[in-house]
Amino acid sequence: MAVGIGAFTSNSILNGTSLTLTRPTGIVAGDVLLILATNEDNADPPQFNALTDRAPYGEWGDSTPDVHVAIYWKVATVADESAGSEVVTADTSNDMAGWFIRLINVDPDQPI
């Protein structure tokens, strides 16, 4: 089976440091969960703070384009199957947007 997007949620805020992303529906242990976060800060990285229990894939951006993007991932466990949310925090107050994505049919032994 092909890797696909099982579900996703998104949110955005104006001039803030904390962005709440609701977990997508249908999470089962073994799914790969991605969080993509963006903001419009004019400083050099790092801009986003670490997320508990999530591996950072990377953060990109600097003061020239005035935008930052960060990606975090994890393989879902049974604890992730219940409804909930994650909060992404940034170092400075700016417009923020983010997506919480549930990937399906990913090899959990080599997810990324």
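Here goes a summary of the coordinates provided. As the structure is a prediction and not an experimental result, all values here were calculated from the model. (Residues numbered from 1 in each chain as written. Predicted model: local features only at pLDDT ≥ 70, side-chain atom pairs only at ≥ 80, totals over all residues. Heavy atoms only, no water.)

Glancing now at the overall build of the chain. Tallying secondary structure elements over the chain gives 0 helices and 5 strands in all. Written out in order from the N terminus, the α and β elements of the chain read β-β-β-β-β. Considering only residue pairs separated by 6 or more positions, the chain has 73% of its internal contacts joining residues 24 or more positions apart. Put simply, the chain shows about 6,000 Å² of open surface, and 55% of that area lies on carbon and sulfur atoms. (Helix = DSSP H or I, 4+ residues; strand = E, 2+ residues; numbered from the N terminus. Contact = heavy atoms within 4.5 Å. Areas by Shrake-Rupley, 256 points an atom, 1.4 Å probe, with all protein chains shown as cover.)

Before going further, it helps to examine unusual backbone geometry. Although it is not a glycine, Asn15 sits at a positive phi angle of roughly 50°. Residue Asn105 is not a glycine yet carries a positive backbone phi of 65°. Tracing the sequence through the fold places Asn105 in the segment after strand 5 (85-104).

For the rest of this paragraph, the subject is the nonpolar core. Among the nonpolar cores identified, the biggest contains 15 residues, and Leu21, Ile35, Phe48, Tyr72, Val88 and Met96 are the most heavily contacted of them. Those elements that place two or more of their residues in this core are strand 1 (4-22), strand 2 (32-39), strand 4 (67-75) and strand 5. One finds Leu34, Ile71, Leu103 and Val106 within the second-largest nonpolar core, a separate group that totals 6 residues. (Core = buried A, V, L, I, M, F, W, Y, C linked by side-chain atoms within 4.5 Å. Buried < 20%, exposed > 50% of the residue type's maximum accessible area, 1.4 Å probe, protein only.)

Let us look at the environment of Gly98. Mapped onto the secondary structure, Gly98 falls in strand 5. Judged by its relative accessible area of 0%, Gly98 falls in the buried class. With 60 residues separating them in the primary sequence, Gly98 and Thr38 have C-alpha atoms 6.1 Å apart. Those residues in contact with Gly98, other than ones at most four positions away along the chain, are Thr9, Ser10, Asn11, Leu19, Leu21, Leu36 and Ala37.

To continue, consider the side chain of Asp80. Along the chain, Asp80 turns up in the loop between strand 4 and strand 5. Of the residues examined, Asp80 reaches a relative accessible area of 4% and is grouped as buried. Here the side chain of Asp80 touches Lys74 through a polar contact of 3.0 Å, side chain to side chain. Not counting chain neighbours up to four residues away, the residues in contact with Asp80 comprise Arg23, Ile27, Leu33, Lys74 and Val75. (Polar contact = N/O pair within 3.5 Å; in protein donor to acceptor, adjacent residues only side chain to side chain.)

Attention shifts here to the pattern of salt bridges. Opposite charge on two side chains permits them to pair, given that their charged atoms come into close proximity. A full pass over the atoms with the stated rule returns 4 salt bridges. A salt bridge links Lys74 to Asp80; the shortest N-O distance between them is 3.0 Å. Across the pair, exposure class does not vary: Lys74 and Asp80 are buried alike. Connected through shared salt-bridge partners, Arg23, Lys74, Asp80 and Glu86 make up one network. (Salt bridge = Lys/Arg side-chain N within 4 Å of Asp/Glu carboxyl O.)

With respect to the helices and strands, Glu86 occurs in strand 5. Assessed through its relative accessible area of 16%, Glu86 is described here as buried. Ignoring anything within four residues of it in the chain, the contact list for Glu86 reads Leu19, Thr20, Leu21, Arg23, Ile35, Arg54 and Phe100.

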